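# Structural features, examined
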Amino acid sequence: MGKEKLANHLHQLQNESKNLFVPYIMAGDGGLDKLEQNIQFLQNCGVAAIEVGVPFSDPVADGPTIQNAGKRSLENGTTLTAVLQKLELFKAKRTVPIIVMTYINLIYKYGVSRFAKSCVQAGIDGLIIPDLPIEEEKLVTDVLNQQSIALIRLVALTSSKDRIKMLANRSEGFLYAVTVTGTTGERTAYEKKVKTYLYQLKQQSPVPVLAGFGISTSEQAIELASYCDGVIVGSKIVDLFHQGKTAEIKQLIQTSI
């Protein structure tokens, strides 16, 4: 369960010499009823795990595409409670780990202990909380450890060497390597310093390193994965789902792994 399932699943894929591909989707974009079919579709495409975003009114880490998806989801009446309940309904059908990406405000309002228990009931294996700095994470870590839920840390290009070492050693499941100094969204190219940064993270991280933010093509995914362990793709996946272009999603995933 939880962090063990996530770690073991990623390790198994790495033993098969596969690049790890983690897609991000916005829960409730197009209606919460689509969540199950989208997850099943991605699972069948061979992804390593699935990151499920919960809409929030002030998404500081998200670029325009995901912000717009969040607005559409909120307009559909999506709430954190509704997302957790929906995930619980079909947890027995899932074989890939589920990671929820949300902001600390929502968790705090829900109640940290109650939230962690709800995550277990919903079959959630890990969490990404982009606005929770490592200095404040005691708000959640004790409770998450009790429930064996992985807390995935984010490291930035601007992070100091000492901070990178601390984040790498504390991250569970994988280390989320942010590859831009900005929000999510498609980029056309990555500078040499990004590749050096990923390579250096890979050398010191005890868990897999996944590059995220701005990756939109299989060429980018393969290139960046050659310096670390895989990629996280959000805006492109969200956009293609919104347009109903599932064949393009499948091609993107399968040519990237």
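Residues numbered from 1 in each chain as written. Predicted model: local features only at pLDDT ≥ 70, side-chain atom pairs only at ≥ 80, totals over all residues. Heavy atoms only, no water.

In the annotation of an unreviewed UniProt entry, the chain is listed under the name Tryptophan synthase alpha chain and assigned to Virgibacillus chiguensis. What the UniProt record of the chain gives under Subunit (unreviewed entry) is the line "Tetramer of two alpha and two beta chains." (UniProt positions renumbered as here; feature names shortened; annotations may be inferred.)

Moving on, we get to the layout of surface pockets. Here the second largest pocket defines a volume of roughly 220 Å³. Considering the residues around the second largest pocket, the lining is formed by 17 residues, among which Asp29, Lys34, Asn38, Phe241 and His242 are closest to the centre. For the lining of the second largest pocket, the secondary structure elements donating two or more residues are β1 (20-26), α2 (34-45) and α11 (235-242). Looking at the lining of the second largest pocket residue by residue, the classes come out as seven nonpolar, eight polar and two charged. (1 Å grid on protein atoms, 1.4 Å probe; cavity = no way out; pocket = protein on both sides within 12 Å on 5 of 7 lines; lining within 4 Å. Points joined across faces, edges and corners; volume = space filled by probe spheres on them. Helix = DSSP H or I, 4+ residues; strand = E, 2+ residues; numbered from the N terminus. Nonpolar A, V, L, I, M, F, W, Y, C, P; charged D, E, K, R; others polar.)

Listing the buried residues of helix α4 (residues 80-89) in full gives Leu80, Val83, Leu84, Lys86 and Leu87. Relative to the axis of α4, the buried residues are bounded by an arc of 165 degrees and lie together on one face. In α4, the exposed residues that point more than 90 degrees away from the buried face are Gln85 and Leu89. (Buried < 20%, exposed > 50% of the residue type's maximum accessible area, 1.4 Å probe, protein only. Arc of directions from axis to C-beta.)

A separate point is empty space enclosed by the protein. Empty space left among the atoms is revealed by rolling a probe the size of a water molecule over them. Per the stated rule, a full pass over the model turns up two cavities of 30 Å³ or more. Taken as a whole, the second largest cavity encloses approximately 30 Å³ of empty space. Considering the residues around the second largest cavity, the lining is formed by Leu13, Lys18, Asn19, Leu20, Phe21, Gly46, Ala48 and Ile257.

Below, the discussion takes up the packing of aromatic side chains. Across all of its chains, the model carries four aromatic pairs by this definition. Judged by centre distance (6.1 Å) and plane angle (75 degrees), the ring pair of Phe41 and Phe241 falls under edge-to-face. Of this pair, Phe41 sits in helix α2 while Phe241 sits in helix α11, placing them 200 residues apart in sequence. A relative accessible area of 22% places Phe41 in the partly exposed class. With centroids separated by 5.9 Å and ring planes inclined at 85 degrees, the aromatic side chains of Tyr176 and Phe213 adopt a geometry described as edge-to-face. Note that Tyr176 is positioned in strand β7 (residues 175-178) and Phe213 in the loop between β8 (209-212) and α10 (218-225), a separation of 37 residues in sequence. You'll find Tyr176 and Phe213 in the same group, each marked buried. Over the ring of Phe90 we find Arg94, and its NZ or CZ is 5.0 Å from the ring centre. A cation over an aromatic ring shows up here: Arg114 above the ring of Tyr110, its NZ or CZ 3.9 Å from the ring centre. (Phe/Tyr/Trp six-rings, centres within 6.5 Å; stacked < 30°, edge-to-face > 60°. Lys NZ or Arg CZ within 6 Å of the ring centre and 35° of its normal.)

Further remarks concern the UniProt feature "active site" (unreviewed entry) in the chain. With numbering matched to this structure, UniProt assigns "active site" (unreviewed entry) to Glu51 and Asp62. Here Glu51 lies in strand β2 (residues 50-53). For Glu51, a relative accessible area of 3% gives the class buried. With near-sequence residues (within four places) excluded, Glu51 lies in contact with Val22, Pro23, Tyr24, Ile25, Ile99, Met101, Ile128, Tyr176 and Ile232. (Contact = heavy atoms within 4.5 Å.)

With that out of the way, let us pick up helix α12 (residues 246-256). Within the sequence span of α12, burial applies to Ile249, Leu252, Ile253 and Ser256. Viewed end-on, α12 has its buried residues packed into an arc of 90 degrees, placing them on one side of the element. Structural note: α12 exposes Ala247 and Gln251 on the side pointing more than 90 degrees away from its buried face. Structurally, α12 contributes buried residues whose contacts are with β1, α2, α10, β9 (230-233) and α11.

Reading across from one edge, β5-β4-β3-β2-β1-β9-β8-β7-β6 is the order of the nine strands in this open sheet, with parallel pairing throughout. Sheet topology places β5 (150-152) and β6 (154-155) at the edges, where each strand pairs with a single neighbour. Direction of pairing for strand β3 (residues 98-101) relative to strand β4 (residues 126-128): parallel, over a ladder of three bridges. Counterpart to Ile99 in the pairing with β4 is Gly126. (Pairing = 2+ DSSP bridges.)

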